[in-house]
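So you can see what is in the structure, the chains are spelled out below.
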Number of protein chains: 2
Amino acid sequence: MRDVAVIGVGMNKWGELWEKSLREIFVEAALLALDDAGVDKIDSLYVGSMSSGLFVGQEHLASLLADYLGQAPVPAVRVESACASGGLALRMGFIEVASGMSDIVLVGGVEKMTDVNGHEATYALGTAADQEYECYHGVTFPGLYALIARAHMEKYGTTREQLAMVAVKNHANGSLNPLAQYPFKITVDAVLHSVLVADPLRVLDCSPITDGAAAVVLCPLDLARKLKKPLIKISGSGQATDSIALSSRQDITWIESTHQAAKRAYAMAGKKPEDIQVVEVHDCFTIAEICVIEALGLVEKGKGGRAVEEGLTSLQGKIPVNTSGGLKAKGHPVGATGVAQAIEIIKQLREDAGPRQVKGARVGLTQNMGGSGGSTVVHIFERV
Amino acid sequence: MRDVAVIGVGMNKWGELWEKSLREIFVEAALLALDDAGVDKIDSLYVGSMSSGLFVGQEHLASLLADYLGQAPVPAVRVESACASGGLALRMGFIEVASGMSDIVLVGGVEKMTDVNGHEATYALGTAADQEYECYHGVTFPGLYALIARAHMEKYGTTREQLAMVAVKNHANGSLNPLAQYPFKITVDAVLHSVLVADPLRVLDCSPITDGAAAVVLCPLDLARKLKKPLIKISGSGQATDSIALSSRQDITWIESTHQAAKRAYAMAGKKPEDIQVVEVHDCFTIAEICVIEALGLVEKGKGGRAVEEGLTSLQGKIPVNTSGGLKAKGHPVGATGVAQAIEIIKQLREDAGPRQVKGARVGLTQNMGGSGGSTVVHIFERV
């Protein structure tokens, strides 16, 4: 298998983009990525999107977007793994370039979530859980993560304040990211007094509903060298699955799919958790970030809450997590999230992250998760 | 890239499977394929499904199915390209095995379409067309293919009877396939007097709404040799896209995505149309089969209708098309169709197709199409 580099990144301002359609949002981000890479012709396209059928009544998405981007008749594939669809698209692009099948592959993610009302959005997002064994009985995603949060608090003594500190940290980072949906700071007090959604989670523990897209351009490392691009290599890719219903898991505070995906990615990259210098994780809810940094091996099991409280994961900490603002502040257009995570790490490794730059970062990791952990995709990036 | 073989196939009886859920239907087919291959552990799973979100309210499908099949934590990817989702899943599995990333890959397709009412099914299927530029104005798929049929009749003199003959041929083949949804013969007269759906297409020109699944097991050719399996190799894989809206095409009677995908597959396999001995094509409507055999280069442009009338594509003809019964008689659970097409060709190349066996077939082709031709996946299989 060939070494694979990322030579272009593109992302537009995320938010409630009433005046733009899904195809316009996607093409904006894709053109930015192609421009950044300095290429105008691609061999193949991957698009991550969770539920364009339920959100905008459009499937057959990759063909539509390839055409609208002026790239038909190239092969174009839409992949879906709920909120991990973007990370999965990246993994598919990585495999295609590594295999030798294609040289220039565009990987994008997109979701247009605000064209439906709140009830419809909740239904659409619920399709990432087990429809027959979870949603049918009335539970929604805040409810599922509330169960996880409660269990983590009971088992490990994680505090309500520690949950809030995840949101506070990510908003502090997001305030330095002009593309974020909510680029402003919040306080622990604001989180604790925000509207209760599903006890113990409040609205400021939850990532928002967002319209947005993100795209990256991949090619063989040798070609990147010829093109004189900053050499950022994808050195590890891991994906794993688990039961998507919480009721089938041994321990709901432990995200086994993240543990397994990370194990595979670390092995492929020849890295250990201690080697990672900057991380983007899937903080769809504050509790998720706490569980995920444990499953990635960045902190000990049960100590995720304390790590946040001690500032270990802050921008100035030992292992900065979600320097982009995370899903919480940057926004969470589900299919785009995994690709945007990669963009943040690539900017960090290029030393192009401006005021949120992690000094001297050469190895970074992304963790993108579907549902309540039914699937995870982990990538490791390295500046070579 | 490594050579890839298909070592197992599995398909259950298709139809209106009221008493089974999507996950049960899928696992049935997957277990049959694993059993046929003689393996019980896989490295990776691909699932083709067009719109499980709209049909059964379930996304995150590949994780759900990997788990229900007892294969979690393996990587599992759901791919979508409308009605070409199954063929696309096969292509992704092919790339993964060819790349060296995985050895044993299970590729499945599934759709459960009868849990919604007719209006909802029409809406869900319409998401394969351009929602904003086609569906919004009221057109549905029978309408789009009726436009193509009318144009083909005007331009090439294709007759209403020739359209009917496609359905008659495919039902004759389907009557020999016990897994088909409609395993019985029909007559030209029955087609011509069936209910008008969208002039000139009548209900017996249309493929049905179906619940069903299909699965195949892939591995490197060298491993297949060790396992002493019949050696059926995937020698060519091509995918291509086109505008999904008919209004953006130069000539709506010509399926350019099929032409382009076939060109790529022929080139990879080192084959010409004349080398192909048995073919499964995407006859979602009778006119589709006529256009497709032209775009594949099996007959001259404009002569698809005449080819059917002359018996060229019948089971006893020079180039038998849709020996399985096609989408028309076998059924069309959209995401499963592309995988089932591969199963029919593999059975033919194994000389295991019973009363519908094409004598001495060693090279076969599948053509799986999204929407009205916005995407096509073509595969070429060879007995080695």
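Predicted model, so just to flag it, every value in this text is computed and none were measured.

Caption draft 1: Looking closely at the packing of helix α4 (residues 85-99) of chain A against helix α14 (residues 334-349) of chain A. All names here are of chain A. Packing of α4 against α14 leaves a shortest axis separation of 5 Å and a crossing angle of 60°. The orientation of α4 with respect to α14, classified from their angle, is oblique. Residue-level inspection shows Ser85, Gly86, Gly87 and Leu90 of α4 in contact with α14, the latter providing Gly335, Gly338, Val339 and Ala342. When the residues that make up the contact of α4 with α14 are grouped by side-chain class, the tally is three nonpolar, five polar and no charged.

Caption draft 2: Structural context of the nonpolar core. In terms of nonpolar packing, the biggest core is built from 120 residues, with A:Tyr145, A:Leu296, B:Tyr145 and B:Leu296 touching the most fellow members. Contacts of B:Tyr145, omitting those with residues within four sequence positions, involve B:Leu201, B:Cys284, B:Phe285, B:Ile287, B:Ala288, B:Met369, B:Gly371, B:Ser372 and B:Gly373. Within the second largest apolar cluster, 78 residues are counted, among which are A:Val9, A:Ala361, B:Leu90 and B:Ala336.

Caption draft 3: Representation of the pattern of salt bridges within the structure. Taken as a whole, this structure holds 40 salt bridges over all chains when the rule is applied. Linking B:Arg78 and A:Glu80 is a salt bridge whose minimum nitrogen-to-oxygen distance equals 2.9 Å. With one member in each of two chains, B:Arg78 in strand β3 (residues 76-80) and A:Glu80 in strand β3 (residues 76-80) form a pair that bridges those chains. A:Glu80 matches B:Arg78 in its accessibility class, with the two residues each being buried. A salt bridge links B:Arg23 to A:Asp130, with the nearest nitrogen and oxygen atoms 2.8 Å apart. With B:Arg23 in helix α1 (residues 22-37) and A:Asp130 in the loop between α5 (118-126) and α6 (141-156), this pair bridges two chains. Among the residues examined, A:Asp130 registers a relative accessible area of 4% and is labelled buried. Here the residues in one salt-bridge network are A:Arg23, B:Asp130 and B:Glu132, joined through shared partners.

Caption draft 4: Spotlight on the domain arrangement of chain A. All names here are of chain A. What the domain assignment lists for chain A is domain 1 (4-117 + 210-226) and domain 2 (138-204 + 234-383). Here domain 1 and domain 2 have C-alpha centroids that lie 23 Å from each other. Contacts between domain 1 and domain 2 engage 41 residues on the former and 34 residues on the latter. Regarding the contact of domain 1 and domain 2, the summed buried area is about 2800 Å², with carbon and sulfur atoms giving 67% of it. Where domain 1 meets domain 2, there are one salt bridge. In this structure, the salt-bridge partner of Arg350 is Asp36, at a minimum N-O distance of 3.1 Å. Joining domain 1 to domain 2, the criterion identifies 14 residue pairs in polar contact (both at pLDDT 80 or more). Those elements giving two or more residues to the side of domain 1 that touches domain 2 turn out to be β1 (4-11), α4, β4 (105-112) and β7 (211-220). Its residues assigned to classes, the side of domain 1 that touches domain 2 comprises 21 nonpolar, 14 polar and six charged.

Caption draft 5: Summary view of the interface of chain A and chain B. Facing the 59 residues of chain A at the interface are 59 residues of chain B. Taking both partners together, chain A and chain B bury about 4500 Å²; carbon and sulfur atoms supply 54% of that area. Put simply, chain A and chain B have 30 residue pairs in polar contact (both at pLDDT 80 or more) between them. When residues of the side of chain A that touches chain B are assigned to their parent elements, the largest contribution, seven residues, is made by α4(A). The residue makeup of the side of chain A that touches chain B, split by class, is 28 nonpolar, 20 polar and eleven charged.

Caption draft 6: Examining the relation of the copies chain A and chain B more closely. Laying chain A over chain B is done by rotating through 180° and shifting 0.0 Å along the axis; what remains is an RMSD of 0.0 Å. The transformation relating the two chain copies, once decomposed into turn and shift, fits a two-fold axis.

Caption draft 7: Examining helix α5 (residues 118-126) of chain B more closely. Residue and element names in this part refer to chain B. Residues of α5 that are buried: Ala121, Ala124, Leu125 and Gly126. Turning to α5, the residues buried within the fold contact α2 (52-56), α6 (141-156) and α14 (334-349). Two to three positions downstream of the cap, the backbone nitrogen of His119 sits 3.1 Å from a side-chain oxygen, assigning the N-cap of α5 to Asn117.

Caption draft 8: Quick peek at the pairing of strand β4 (residues 105-112) of chain B. All names here are of chain B. Taken across its eight residues, β4 has eight buried, putting it largely inside the fold. In β4, alternate side chains face the same way, and those of Val105, Val107, Gly109 and Glu111 on one face and Leu106, Gly108, Val110 and Lys112 on the other are all buried. By the bridge criterion, five bridges tie strand β2 (residues 44-48) to β4 in an arrangement that is parallel. For Leu45, the partnering residue across the bridge sits in β4 and is Leu106.

Caption draft 9: Region of the structure containing the packing of aromatic side chains. Residue and element names in this part refer to chain A. Taken as a whole, this structure holds six aromatic pairs over all chains when the rule is applied. Ring centres 5.8 Å apart and planes at 45° place the aromatic pair Tyr182 and Phe184 in the tilted group. Its relative accessible area of 28% is what places Tyr182 among the partly exposed residues. The rings of Phe141, Tyr145 and Phe285 are connected pair by pair, giving a single aromatic cluster. The aromatic ring of Tyr68 is capped on one face by Arg23, whose charged end is 5.6 Å from the ring centroid.

Caption draft 10: View of the environment of A:Ala240. Mapped onto the secondary structure, A:Ala240 falls in strand β8 (residues 232-241). Since its relative accessible area comes to 0%, A:Ala240 is described here as buried. If we ignore the near neighbours within four places in the chain, the residues touching A:Ala240 are A:Ser257, A:Gln260, A:Ala261, A:Gly374, A:Ser375, A:Thr376, B:Pro73 and B:Val74.

Caption draft 11: Examining the pairing of β4(A) more closely. Inspection of the sheet shows β4(A) paired to β7(A) by eight bridges, in the antiparallel sense. Paired with A:Leu106 across the strands is A:Val217, a residue of β7(A).

Caption draft 12: Structural view of the environment of B:Ala149. Relative to the elements of secondary structure, B:Ala149 occurs in helix α6. Excluding residues that lie within four positions of it along the chain, B:Ala149 makes contacts with B:Leu163, B:Pro200, B:Leu201 and B:Ile287.

Caption draft 13: Seen up close, a nonpolar patch on the surface. Residue and element names in this part refer to chain A. A contiguous nonpolar surface patch, about 240 Å² in accessible area, is contributed by Val195, Val197 and Val203. By the element assignment, Val195 lies in the loop between α8 (188-192) and β5 (196-198). Judged by relative accessible area, which is 59%, Val195 ranks as exposed.

Each value, and the rule that gives it
Residues numbered from 1 in each chain as written. Chains lettered and ligands numbered in written order. Predicted model: local features only at pLDDT ≥ 70, side-chain atom pairs only at ≥ 80, totals over all residues. Heavy atoms only, no water. Axes fitted to C-alpha atoms, helices over the stretch in contact; angles between N-to-C directions. Helix = DSSP H or I, 4+ residues; strand = E, 2+ residues; numbered from the N terminus. Parallel < 35°, antiparallel > 145°, perpendicular 65-115°, else oblique. Contact = heavy atoms within 4.5 Å. Nonpolar A, V, L, I, M, F, W, Y, C, P; charged D, E, K, R; others polar. Core = buried A, V, L, I, M, F, W, Y, C linked by side-chain atoms within 4.5 Å. Buried < 20%, exposed > 50% of the residue type's maximum accessible area, 1.4 Å probe, protein only. Salt bridge = Lys/Arg side-chain N within 4 Å of Asp/Glu carboxyl O. Domains from an automatic or database assignment. Buried area = accessible area lost by both parts, 1.4 Å probe. Polar contact = N/O pair within 3.5 Å; in protein donor to acceptor, adjacent residues only side chain to side chain. Least-squares fit on C-alpha atoms with pLDDT ≥ 70 in both. Pairing = 2+ DSSP bridges. Phe/Tyr/Trp six-rings, centres within 6.5 Å; stacked < 30°, edge-to-face > 60°. Lys NZ or Arg CZ within 6 Å of the ring centre and 35° of its normal. Patch = residues over 30% accessible without salt bridge, like charges linked within 9 Å, V, L, I, M, F, W, Y side chains within 5 Å. Areas by Shrake-Rupley, 256 points an atom, 1.4 Å probe, with all protein chains shown as cover.

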